[in-house]
Amino acid sequence: MVEIGLRSLHPLTAGTNHNKLFCQYDSALGWSKIPNFLGVHIGAEYSVEEQINSQGIRGPEYSIEKKRDEYRILILGDSFAEGYMVEFNELFSQQLKNRLSKEYPDRIIEVINAGTGGYSTDQELLWLEQQGINYAPDLVVLMFYQNDIWFNSQGWYYRGYKPFFNLKNDTLTLQNVTVPKPDLSNENGQSLLKELEIFKRGQIVASKLKYHLTKSQFPNPLKNAIQTKNIPSEYSVYRKVGNSEVQNAWETTRHLLAKMKQLTDSIGSELLVFYVNPREELYPVVWENMQATYALADTTFSVSTPRAKLDQVCSHEGLLLYDATTDLKHARDSIKELNEMLFYTLDGHWNPIGNAIVGELLQKKISAEYIAIP
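As a starting point, this report considers the structure included with it. (Residues numbered from 1 in each chain as written. Predicted model: local features only at pLDDT ≥ 70, side-chain atom pairs only at ≥ 80, totals over all residues. Heavy atoms only, no water.)

1. A closer look at the overall build of the protein chain
Here's step 1: Helix and strand counts for the protein chain come out as twelve helices and 13 strands.
Here's step 2: When the 374 residues of the protein chain are sorted by exposure, 53% land in the buried category.
Here's step 3: Once local pairs closer than 6 in sequence are excluded, the contacts in the protein chain between residues at least 24 apart make up 74%. (Helix = DSSP H or I, 4+ residues; strand = E, 2+ residues; numbered from the N terminus. Buried < 20%, exposed > 50% of the residue type's maximum accessible area, 1.4 Å probe, protein only. Contact = heavy atoms within 4.5 Å.)

So this is what it looks like as structure tokens:
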């Protein structure tokens with residue numbers, strides 16, 4: 001009630017929401033982070049400053065030219081990669097850089113995190129083609145999340161319209177370009193960012209209050225969900241046997257991954273696909289509540305379907321897949337006694353603990369299999 005009252009002081013206009021924070025319309029990619037921007041992401045469980053450099057990448061300025069003896073890692077992905085829910089130094093990519101730099105003090109280690117919230121594999125491939133290859137990475141790490149599968153075959157996402165590839169006769173054809181502009185007619189000529197800043201003044205108080213009022217329900221964020229059979233489209237990838245739309249999404253995804261490997265091979269870079277486990281796969285209670293909410297029967301749906309299918313796709317295309325599920329479950333159990341989790345409860349992304357653990361796992365993987373000691 002308090003949150004509704006505070007929001008009514010300055011109502012949230014249609015199309016103005018957290019998904020669009022710090023992003024601008026991009027005719028080629030749908031949206032991209034605003035260059036030279038500094039702002040604060042505010043959620044019920046965090047308040048995080050994000051600095052975006054002149055190239056639209058979170059963090060400091062990165063030189064296009066590599067230094068001698070520099071080992072350069074480029075991170076691609078969505079909001080899990082961008083990690084606007086944690087401070088920059090807490091982000092898994094910075095944890096990775098710090099750990100590798102300590103392990104290899106005589107080498108220059110650079111980790112460039114180009115993750116952008118809402119991106120799918122298609123947008124990540126396009127960004128890599130247009131900008132990423134200029135950084136000449138030694139290793140490209142693709143953070144792959146389950147909703148990438150569905151949205152790889154869609155021309156829209158919650159942030160707005162997006163490009164996508166149409167698959168026909170084993171050939172990918174880029175569609176929806178130039179990407180249609182979002183409808184901003186409801187802004188009445190006001191700056192979208194200004195509108196958001198005004199809104200957040202009320203939101204920060206209300207959301208933090210809501211967090212404390214609901215804290216007693218943790219770690220079961222869907223405890224009081226109302227059962228519905230309107231299954232979100234992206235959840236269809238959990239089907240054990242996909243329908244024609246899911247099968248098309250998977251085939252499109254397979255071709256996109258193969259094309260990304262061809263691109264990285266062409267510039268002498270290695271490609272590592274990191275599977276980002278959704279929270280429901282590491283915390284069974286979340287999956288149980290999803291099943292109850294959307295009537296996801298065990299006979300038809302499985303939380304491990306996307307991971308198993310991705311393993312098949314990567315094996316077929318000769319892609320290196322890092323499935324850290326076992327390691328993350330072990331980490332989950334090791335911190336359980338401390339009443340800690342890998343994810344935020346309301347937000348659903350990695351918290352600082354989750355980021356630190358993922359950074360450590362990647363450091364061990366890359367150190368063992370990729371970095372060549374001169």
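Picking up where we left off.
2. Concerning the sheet that holds strand β7 (residues 139-145)
Here's step 1: Here we have five strands laid out as an open sheet, ordered β6-β5-β7-β12-β13, and parallel in their pairing. Each having just a single partner strand, β6 (108-113) and β13 (320-322) make up the two edges of the open sheet. Taking the axes of each pair of neighbouring strands and ignoring which way they run, one obtains an average angle of 25 degrees across the sheet.
Here's step 2: Both β7 and strand β12 (residues 270-276) contribute to a ladder of seven bridges, which runs parallel. Residue Tyr145 lies in a different strand from β12, and its bridge partner there is Val276.
Here's step 3: Here helix α3 (residues 92-103) sits on the sheet and contacts β5 (70-76), β6 and β7; the angle it forms with β6, its principal contact strand, is near 175 degrees. (Pairing = 2+ DSSP bridges. Axes fitted to C-alpha atoms, helices over the stretch in contact; angles between N-to-C directions.)

3. Quick word on the pairing of strand β2 (residues 30-33)
Here's step 1: Pairing analysis gives four bridges linking strand β1 (residues 23-26) to β2, with the strands arranged antiparallel. Across the sheet, Asp26 pairs through a bridge with Gly30, a residue of β2.
Here's step 2: In sequence, β1 turns back onto β2 through a hairpin of three residues.

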